[in-house]
Amino acid sequence: MQTQRITYDDTVVRRFIIASVLFGLVGMAVGVLAATQLAWWQANFGVRFLTFSRIRPLHTNAVIFAFVGNMMFAGIYYSMQRLLKTRMASDVLSGIHFWGWQLIIVAAAVSLPLGLTTSKEYAELEWPIDIAIALIWVVFAINFFWTIAKRNEKHLYVAIWFYISTVITVAVLHIVNSLALPLSFTKSYSIYAGVQDALVQWWYGHNAVAFFLTTPILGIMYYFLPKAAERPVYSYRLSVVHFWAWCSSTSGPGRTICSTPPCPIGRSRWAWCSP
Amino acid sequence: MSVVPLQVFVSLLLVASSLVLFLFTVRQRDLDHADRLSLAPLEDDVAPKPGAAEPSPCSGSQPRPQSGSEDHLPRSPQ
Amino acid sequence: MSLPATAFVDATGEPCAHCGTAIPGEGGRGRYCCSGCQAVAALLQDEGLTGYYRLAQGRTRAVGERPQASSHAWLEPLLEAAVQGDGTVCSLEVDAQGIHCAACVWLMNELFRRQAGGLGITVNPGLGKVRLTWRKGVFDLQAWLNAVERFGYKFGPQRKHASSALGSITWRLGVSAALTMNVMLFSLSFYFGLSRADGPVYLLFSRLSLVFSTAVVVIGGWPFFKAAWAGLRSRLLHLDLPIALGILVVYGTSLGQVALGRGGDLTYFDTLNTFVTLMLLGRFLQQAYLESSRRLLLEDDGAEGILVRRIDGNRVQVVPAPQIRRSNILLVAPGELCPVDALLSTPQAVISADWITGEAAPRNVNVGESVPAGSFNAGRTAFSAVAAHDFAASPLASLLRAGAPKGAGEHLRFWDSLARRWVVGVLVMASVAFCLHIAHGLGAALDVAVAVLVVTCPCGIGLALPLAYELVLARLRRAGFFARQSDVLDRLVRVQKVVFDKTGTLTLSRLELTNSRVVATLTPALRDIAYNLACRSGHPVSLCVAEALATQGASYDAQAAVQEHPGHGLSWQQGDNAWRFGERRWASGDNEAPSLIDAQVEVASPEGGAVLTCNGRLMADFPVGEVLRPGVSKHLAGLVRAGHQLHLISGDTPARAARLASRVGIPQENVRARRRPEDKAQDVLALDASTVLYLGDGVNDALAFERALCAGTVAIDRPVLPGKSDFFLVGENLAPLVTALAASRRLRAVARRVLTLSLAYNAVAITSCLWGVMSPLRAALFMPLSSLSLLLFTVASLRERRERAPRPSSPHVSASWPLPGGTL
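Residues numbered from 1 in each chain as written. Chains lettered and ligands numbered in written order. Predicted model: local features only at pLDDT ≥ 70, side-chain atom pairs only at ≥ 80, totals over all residues.

Helices and strands together make up the secondary structure of chain B, namely two helices and one strand. Secondary structure elements in chain B, listed N-terminal to C-terminal, are α-α-β. Going through the 78 residues of chain B one by one, you find that 28% of them count as buried. (Helix = DSSP H or I, 4+ residues; strand = E, 2+ residues; numbered from the N terminus. Buried ≥ 20, exposed ≤ 12 C-beta atoms within 10 Å, placed from the backbone.)

Dropping the structure here:
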């Protein structure tokens, strides 16, 4: 038995934080522009790249995937290394993840104002970028699970469980929802149509909020809040219950988002929308 | 109407995989370590300079970010 | 059984500054409830470890007696094996006693970090184990163990292992909960009107609901089926039987509905799954609490776990007691146990036999005299002795053998009769319903009969009663009472006689001056002389006197030419004055070889003690005796007020037993003395064992433990007994026992009320079934409602009676259960 020295990789964390701040500024600026246009449509200045329909999805994608996404990756990389007491498995994969993700964001920033969109909320990006997202996510997942396999702390803190659920579920959601038939490099048609598409889209949309915006942030919270408060979580066991109850049931209700009032009338129609 | 079975299938697949992971965590007896794991976020993120005493996790010192924090660990088969 | 008067405990009302339990009125230690808390709190302050309190979040526990250094004979062979490997890194796993929260883990980590050479520490708080890795030759493991044990923890060799029972119920609960939640989602669509007309989606959802519900019944219902079957086979029923039958009936009905094509909102799957999951949750909590109480202590290995050092040639080996043979030479270090009768080969030894015989005072033994099996070395130096017989012939061997587990007995009759009446009653009502409606046709009659069976499923009680038990057990844990068996509260409620051992149970293991004014009235000169003599001896009596003198400000003179006379005392020649301190006869100048010294000492100074003489003239008398546990007379008076009879059974002399009984308020006719272990068991039988609660601490109580209805120990640091007990107490006083007895009665009363309420609900439900107005939907609404109200009623009935800080004029304060902390 020998001792080993472990150095955590904080470079990738720093990069993600800086990217998050930058894109946060950009995304919110676009958001301000969009909000202004709601009150005063002339704020598009007659430029077709700045029309509301094009910059709205740019704003949503920027703040969700660029701002929150980068921040979330930063938090995950920072906390999981320390919770597992090991450095990330591969610095190369970390680097590919970072630069790949920023490229995707840039691609979004270019394609959305150009009007290249699938018009599926939070999944507006066209199929080449979707494939890129899938690839980068796989890179992230490999690095993530490899690090878990190499861990020095056998028992997983609850935050790690939240991250695991994120990595797996987001991959499934993205792939199922983005299935499309490409027509050209910049145009594709979803394999679902009409109400079917709506159901799948909002199953994705609801679960994206649940597993991209909620679970990883909960995991980050379970790491940083005790650290900041200098005391452990009030009841760790309750947080474990929280996690398992959440992930064993939440992928289901995503389907319910369609059952809001502006929906086909009649009890029976409402009925099969609801699950 | 035909996409609902697909959605149900995918969702149940996710539920099934969460059950598999749940059985894994029960087998590993993660919950026995709850009291110890809850202290994990309180550990210092920064390694001490060689020779200096480590600050206690509860001493109130804020972690100073460095480009590479260190830990010394015995490498042992888990 | 009518409700007894509440047990009043005289307390100052102030919570202990360390652990928060109520400070007993007499014998408490200032701001602390016991000497242990006082010592540990001081240590935490001195060493800058007060972060402990912040991390404990109010969950600190009472320590009990002041932690003593204990022998680590078990460690030596393990340590040898650990350092033998090559490489610079060693590792070892040990068991630990007393870890109960994150703060304990933090404390061990912190003490580890402060010691040089340590590499890694992993505490397993759930099981109570610690794995350490360290640099060979740099880290002192013994020192770390000692450092941690000062805070009230205790270490032992690795024996604990995880039980499968808790793991089994955990995964069943998780699977049931996941499936239940998903079935609810399908049911939602049925309730919103999804019907057969909606084609394949309806079929898919119905089939999935059926499959998942079947899984829940099989996986989640299994513990109930198993328990019900076990109850049937042993003819001692429990509520598990009606619950299991209820689950099967409800499932069968729903299955029938699906088979008849009437599925959807006419099935009870939702309700069924929810009930099974919630009842599993109740079982899980029960099992988790029980496990954590059991794992708090070190595991006992019976005779194999008693280790003793044996001298073989010129090596000293640590061997388990069963390997001792006649004429082996044993080396007994201070605090260690001599497991066989042996003849002393060192000139002098001080032994304490209270664990095996109940004798309170430590005894001097001279070379050639017999050291009884089961006595501890009470001196400060090791002695060696020659074993007089094999261990198998030792009186300890039979006492240490694992006792037969206590079978289910009379105390479960309450549940047995309830279960029988329930099942019979339900079957009768179902038949009545059937007959009443037979006129409307077979189908209708069956519907009604089935409705009766469904609606009378005791699921509400299946949730409310375990919850009640767990609430009470959780509170008792915070008060310092830990149950090691699941049926402890059922046993406690039947207790009428409380039997105490004397030494170590009603008294603490330390000695004190019975008359503290003696030191206060000494002149300073006499005080200093006495102190210089007493502090140079390792005898427990001398140490006790020295401590008392030190608190009066006695000063130490390093130049004093004090001579120790082993077995008698100490002498100091100061010019013309020959001072002697020690045994009365010797100090008074009687130089005869002491014979029957114990009897003489008892006559002259019944409690034992020491005297100070100058040239044979008595200058001061220091009577030393046992220390009662704090507040014990008030606690026992509380037991008497609650209607219990008190008994004292001791292995000590009749005079001492009688004296102590009168001090604490046990009637003399209930006192038995000079009892050997077999005699104690006989006494318990004579008192009608099925109503006896036995509280003991020594191995001489082991046989009585097996006979009594309920047996517990208040000394968790002593070997053997904690592993045989039904419950144990933490802390220095007996208040948790009083609280537990009162709580068990209150729980029984609440249980009866819950059952009455449940019967009322069932009466209403059955009537509406007989009238034909009960439908599955109404049942699906009614059952959860009734369960919820039962649960709320239970929680409300058991709500703590929180007392305000007592006003100075009122001397009696109700036993207030201490500060609530997190229960999870």
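What follows continues from the structure just given.
When helices and strands are tallied, chain A shows eight helices and three strands. Counting from the amino terminus, chain A carries its helices and strands in the arrangement β-α-α-α-α-α-β-β-α-α-α. The C-alpha radius of gyration of chain A comes to 20 Å, within 12% of the 19 Å expected for a compact globule of 275 residues. The C-alpha extent of chain A, read off along each of the three principal axes, is 65 × 45 × 35 Å. (Rg over C-alpha atoms; globule rule 2.2 N^0.38 Å.)

This part takes up unusual backbone geometry. In this structure, R29 of chain B is a non-glycine residue whose phi angle is positive, near 55 degrees. Tracing the backbone through its elements, the reader meets R29 of chain B in the loop between α1 (3–27) and α2 (34–37). Here the phi dihedral of V720 of chain C falls at roughly 75 degrees; this positive angle occurs in a residue that is not glycine. Turning to its location among the elements, V720 of chain C is positioned in the loop between β29 (710–713) and α24 (721–724). Judged by C-beta crowding, with 25 C-beta atoms within 10 Å, V720 of chain C ranks as buried.

Strands in a sheet are paired, the pairing made by backbone hydrogen bonds, and the direction either parallel or antiparallel. Residues and elements named next belong to chain C. In spatial order, the strands read β5-β6-β4-β7; together these four strands make up an open sheet with antiparallel pairing. The sheet is open, and its two borders are formed by β5 (118–124) and β7 (154–156), each paired with just one other strand. The mean inter-strand angle of the sheet, taken between neighbouring strand axes irrespective of direction, is 30 degrees. Both β5 and strand β6 (residues 129–135) contribute to a ladder of six bridges, which runs antiparallel. (Pairing = 2+ DSSP bridges. Axes fitted to C-alpha atoms, helices over the stretch in contact; angles between N-to-C directions.)

In regular strands, side chains alternate between the two faces of the sheet. Residue and element names in this part refer to chain C. The pairing of strand β19 (residues 497–500) with strand β26 (residues 645–649) spans four bridges and is classified as parallel. Within the sheet, the bridge partner assigned to K497 lies in β26 and is Q645. Examined bridge by bridge, β19 and strand β28 (residues 692–696) share four bridges and lie parallel to one another. Counterpart to K497 in the pairing with β28 is V692.

When the terminal C-alpha atoms of helix α1 (residues 11–39) of chain A are compared, their 42 Å separation across 29 residues agrees well with the 42 Å that a helix rising 1.5 Å per residue should span. Of all the positions in α1 of chain A, only V12, V13, F16, A19, S20, F23, G27, V30 and A34 of chain A are classed as buried. (Expected span 1.5 Å × (residues − 1).)

Take the packing of helix α6 (residues 164–191) of chain C against helix α7 (residues 200–234) of chain C next. Residues and elements named next belong to chain C. For the pair α6 and α7, interaxial distance at closest approach is 9 Å and the crossing angle is 155 degrees. Between α6 and α7, the interaxial angle falls into the category roughly antiparallel. Considering how the two elements wind past one another, α6 and α7 form a crossing that is left-handed. Residue-level contacts link I169, R172, V175, S176, L179, T180, N182, V183, F186, S187 and S189 of α6 to F205, L208, S209, F212, S213, A215, V216, I219, G220, W222 and P223 of α7. (Parallel < 35°, antiparallel > 145°, perpendicular 65-115°, else oblique. Left-handed = near helix turned anticlockwise from the far one by under 90°. Contact = placed C-beta atoms within 7 Å.)

Residues and elements named next belong to chain C. Pairing geometry for β26 and strand β27 (residues 671–672), over two bridges, is parallel. Paired with I649 across the strands is R672, a residue of β27. Tracing the backbone out of β26, into helix α21 (residues 654–664) and back to the parallel element β27 gives a crossover that is right-handed. (Right-handed = clockwise from strand over helix to strand, strands pointing away.)

With that settled, the discussion passes to helix α1 (residues 35–46) of chain C. Residue and element names in this part refer to chain C. For α1, spanning twelve residues, the distance from its first C-alpha to its last is 16 Å, which sits close to the expected 16 Å at 1.5 Å a residue. Here α1 has its buried residues at S35, G36, C37, Q38, A39, V40 and A41. At the exit of α1 stands G48, carrying a positive phi of roughly 70 degrees.

Okay, the environment of P320 of chain C next. For P320 of chain C, the position within the fold is in strand β9 (residues 315–320). When neighbours within four sequence positions are excluded, P320 of chain C is seen to be in contact with E304, I306 and L307 of chain C.

Residues and elements named next belong to chain C. On the basis of which strands lie adjacent, the open sheet formed by six strands has the order β20-β25-β24-β23-β22-β21 and antiparallel pairing. The sheet is open, and its two edges are formed by β20 (507–513) and β21 (562–565), each paired on a single side. For this sheet the average axis-to-axis angle between neighbouring strands, irrespective of direction, equals 15 degrees. Lying on the sheet, helix α16 (residues 524–534) is in contact with β21, β22 (569–574), β23 (577–582), β24 (609–614) and β25 (617–628); it crosses β23 at an angle near 60 degrees.

A few words on the nonpolar core. Core analysis: the largest hydrophobic core is formed by 293 residues, its most contacted members being V452 and A708 of chain C. Ranked by residue count, the leading element in this core is helix α2 (residues 52–84) of chain A, at 16 residues. Not counting residues within four places of it along the chain, the set of residues in contact with A708 of chain C comprises V684, A689, V692, L693 and Y694 of chain C. Residues Y531, A534, A610 and A620 of chain C belong to the second largest nonpolar core, which totals 27 residues. (Core = buried A, V, L, I, M, F, W, Y, C linked by C-beta atoms within 7 Å.)

What follows deals with the confidence of the model for chain A. Confidence along chain A averages 89 in pLDDT terms, with 90% of residues attaining 70 or more. In the model, residues 257–275 of chain A has pLDDT below 50 throughout and makes 41 contacts with residues more than four positions away in sequence or in other chains. (pLDDT = per-residue confidence, 0-100.)

Moving on, we come to the packing of helix α8 (residues 240–259) of chain C against helix α12 (residues 442–455) of chain C. Residue and element names in this part refer to chain C. Relative to each other, α8 and α12 sit at 140 degrees, their axes nearing to 8 Å. Compared by their axis directions, α8 and α12 come out oblique. As α8 packs across α12, the resulting crossing turns out to be left-handed. Residues V249, V250 and T253 of α8 lie in contact with α12, whose contacting residues are V450, L453 and V454. Of the residues that constitute the contact of α8 with α12, the class distribution is five nonpolar, one polar and no charged. (Nonpolar A, V, L, I, M, F, W, Y, C, P; charged D, E, K, R; others polar.)

Turning next to the confidence of the model for chain B. When pLDDT is low, close inspection of the predicted coordinates is not appropriate. Residues with a pLDDT of 70 or more make up 56% of chain B, whose mean pLDDT is 69. Within chain B, α2 of chain B carries the highest mean pLDDT (92), whereas strand β1 (residues 70–75) of chain B carries the lowest (52).

Turning our eyes to something else, we now look at the environment of G625 of chain C. Here G625 of chain C is to be found in strand β25. Separated by 31 residues in the primary sequence, G625 of chain C and R656 of chain C have C-alpha atoms spaced 9.8 Å apart.

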